[in-house]
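# An overview of the molecular structure
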Amino acid sequence: MEGLLAISQMSSFLEPGRTLFLTVHVLGLACFAYIVARRLTPLLRANPDPRFDRPLDRVGKVLKFWFGQWKHPRYRTSGVLHILIFTGFILLAARAFSVLMVGVSESFVMPGLSGKAGHVYDIVTDYAATIVFLCMLFAIVRRLVFKPPRYVVPAKYGKAHTADAIFLLSLIAILMVADSLFAAARAAALPSSAQPVEALAVFSLPWILQVALSPASLPTLGHLYFAGYLLHQGAFYFLLCYRPFGIQFHVETSLFNVYFAKLDRGTLKPVRWGVSDEQLDQVKSFGVNTFEDFTWKHMLDFYSCADCGRCSDNCPANAVGRPLSPRFISIKARDYAFQHYPMFGKAGNGAPLIAGIYSEDEIWSCTTCGACEEECPLLVEYIDKIVDLRRGMIDDGNVPQSLQKPLKALESRGNPYGKMEKKRADWTNAKDFQQDCRVQTLDHKNGADTLYFVDSITSYDDRMQSIGRATAGILEHLGTKFGILGAAEKDSGHEVRRFGEETLFMALRNHNVDAIKAAGVTRIVTADPHAFNALRHDYKDIPPVEHISQLIARAVKAGKIRFKPVDGKDKDKDKVYTYHDPCYLGRHNQVYDDPRDVLDAIPGLKRVEMQRSRDRSFCCGGGGLMLFYEPKEEQRMGVKRVQMAAEAGANVIVTACPFCMVNIEDAIKVAGFEGKMTAIDLAELVGEQIVRESPAGKLEKFPEVLQECVPGR
Ligand code: SF4
Ligand code: SF4
């Protein structure tokens, strides 16, 4: 009885505030609705983006990346912290709602949370509030004392965000204290012996406050109860309405951002969604020039960025001092949106972004390696935006000097070196090679079913031609009927497209598609991950394509390829190999294991992993026409990469991409490792180690390896 009396008395303490509470509710919700409506204004003016397809895939993404916090543990301390806070918020949502409702209707109980279930929930959420509170304290100390470098804001990107972060963390801590004070004051007013089920969770924040408040008189507890309620309500609505003004907006937008995230890796956004290639000449301008040219999803990305710095921490361009930090691509655009779409007054001004918030060099500095997107816990996209910004610059005739010549050559000769088309197959004419392997140029009549798509760098670069010969040798060894397009092949256009030259890309693609169709093949193999990605994702209506490493791995597993030991000669005994994942084979196409399986199948091969490997691989610097671009940088990416290999204890870097080979071999010299370290392509290594004498009859079966396992597209 005593306890029940106390409850009614406690409720009566809220009575004088009912009108005030109701007013705060109405005002808080109205403010929030207004703020969100204003924030949505640019999205409504933005370009279309069809992200309403494949709902099951999207829900799967939400469950994995949002609800499951999949990417957070990649950074252990902050990841665990975020998971605890996120879980706490999810658990506390119903409690916060109940507390808000109690101010209006004292008898309010959340459906399903009455009786025992309610008491269990209260205990769980007492601990949740405590954990969130402690996490806030820890996060504040971490920000102020340990200052993780990835949060630092370089002077060129404006002022530090620490104060804002501390303010928000403190607000959440206050919300937890208010919630706990409310529960503690109420519990302290109840004689625990009479109402044991009302007991607070032992050692939780509400419990500690209850113990501290137990000597207080009922009127004092009533005042604290009222104060706790008001503080909770105030902090709750302040947070709700303040969040859309800074990084904490991601709390509201992240669920939607993950749901509408890009579903297909390796693909590139078309120039304009809903506009076919044939209609492109009717489009006024290509790409993004002004903020309003972004798609609504890309704007949602800007709002959703949590400023955690993981993208920039993994960006190779940022690591070598290029003027690009992906985090600030988002932050600057978000600040632009806030400034030009204010809460009151006229919105938007359509000012150019380049030379406005972004510099040309910043946008050209990206290698499209995908490390930023791989790392972002909220699935913020960068490559499509950067390519769109490049398309906008190209549309304005804004092409970096060093790229003008290769682009012209691509237009006139189909390769960036300006070499004659008829020389494209010259790499097959090496005398030693011709003794073992005759590479035919395909036409419909020669009965080949496999096209080896060579692409420009392997066709024309003297050093890379060896990769071409090794690849052809492997295909020959497997007994497959293959050929090349020869002079009929043009550059795949992969880099051209990522550079932003869509029209040139379309011309190259259309030419190649016709040539591939004319060759009458049923499958394509390439040793160039850039060509692989283009053929797989940028081309349509062509046979399935795979990278040579996939084919070799399958042949090894099937026993069709055997290797001699790598340490057969004395000079090879001290070799330690490491595999460098090319971005367009690994991150963009998820081929991580096949090259490693091949290496591990070579007897005697000692292999170590670099610290940054697989989906955290560090770009060599070759993507996005970067071989021809001279960026402002403090150090070459390739140099950083070979240093990583040396740190791992390796002296042979194996890669599976001619672009990587150019950069890594060059970097070995620049880094001073010449004579101590070498680089080799996987196909070259396989070519060297393969046992060519096969048991009689075995060779004829080899084409089955291709037949069985070429993946569907
Ligand atoms: S884009 Fe993603 S990874 Fe980069 S700062 Fe924002 S939330 Fe963090
Ligand atoms: S794609 Fe690579 S280079 Fe470009 S911003 Fe992202 S991490 Fe940096």
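The following refers to the structure shown. Remember, predicted model here, so these are calculated numbers, not experimental data.

## Comments concerning the site of ligand 2
The full set of residues close to ligand 2 is Cys 315, Pro 316, Leu 324, Pro 326, Cys 366, Thr 367, Thr 368, Cys 369, Gly 370, Ala 371 and Cys 372. Cavity membership is defined here by more than half of the atoms lying within 2 Å of grid points; on that basis ligand 2 lies in the second largest cavity.

## Re the site of ligand 1
Neighbouring residues of ligand 1: Cys 305, Ala 306, Asp 307, Cys 308, Gly 309, Arg 310, Cys 311, Arg 327, Cys 376, Pro 377, Val 380 and Tyr 382. Its residues assigned to classes, the shell around ligand 1 shows 8 nonpolar, 1 polar and 3 charged.

## Observations regarding the side chain of Arg 95
Within the secondary structure, Arg 95 sits in helix H4 (residues 76-102). For Arg 95, a relative accessible area of 8% corresponds to the buried category. Residues in contact with Arg 95, not counting those within four places in the same chain, are Tyr 121, Asp 122, Thr 125, Asp 126, Asp 179, Ala 183 and Pro 206.

## Brief notes about empty space enclosed by the protein
Here the structure, examined in full by the defined rule, presents 7 cavities of 30 Å³ or more. Reported here for the largest cavity is a volume of approximately 140 Å³. Lining the largest cavity are 19 residues, with Pro 416, Asp 491, Glu 495, Leu 625 and Phe 659 sitting closest to its centre. Where the lining of the largest cavity is concerned, the elements lending two or more residues are helix H19 (456-460) and helix H21 (494-499). In terms of residues, the lining of the largest cavity owes the most to one element, H21, which gives 3 residues. Taken together, the residues that form the lining of the largest cavity break down as 10 nonpolar, 5 polar and 4 charged. Roughly 100 Å³ of volume is contained in the second largest cavity. Lining the second largest cavity are 14 residues, and of these Cys 315, Leu 324, Cys 366, Cys 369 and Cys 372 lie nearest its centre. Taken together, the residues of the lining of the second largest cavity sort by class into 11 nonpolar, 3 polar and no charged.

## Quick notes on the pairing of strand S8 (residues 652-655)
Regular strands place their side chains on alternate faces of the sheet. Side chains of S8 alternate between two faces, with Val 652 and Val 654 and Ile 653 and Thr 655 buried alike. In the sheet, strand S6 (residues 576-579) pairs with S8 via 3 bridges, with the strands oriented parallel. Paired with Tyr 579 across the two strands is Val 654, which belongs to S8. Pairing analysis gives 4 bridges linking S8 to strand S9 (residues 678-681), with the strands arranged parallel. The residue of S9 that forms the bridge with Thr 655 is Asp 681.

Each value, and the rule that gives it
- Residues numbered from 1 in each chain as written.
- Chains lettered and ligands numbered in written order.
- Predicted model: local features only at pLDDT ≥ 70, side-chain atom pairs only at ≥ 80, totals over all residues.
- Heavy atoms only, no water.
- Near = heavy atom within 4 Å.
- 1 Å grid on protein atoms, 1.4 Å probe; cavity = no way out; pocket = protein on both sides within 12 Å on 5 of 7 lines; lining within 4 Å.
- Sits in = over half its atoms within 2 Å of the grid points.
- Nonpolar A, V, L, I, M, F, W, Y, C, P; charged D, E, K, R; others polar.
- Helix = DSSP H or I, 4+ residues; strand = E, 2+ residues; numbered from the N terminus.
- Buried < 20%, exposed > 50% of the residue type's maximum accessible area, 1.4 Å probe, protein only.
- Contact = heavy atoms within 4.5 Å.
- Points joined across faces, edges and corners; volume = space filled by probe spheres on them.
- Pairing = 2+ DSSP bridges.

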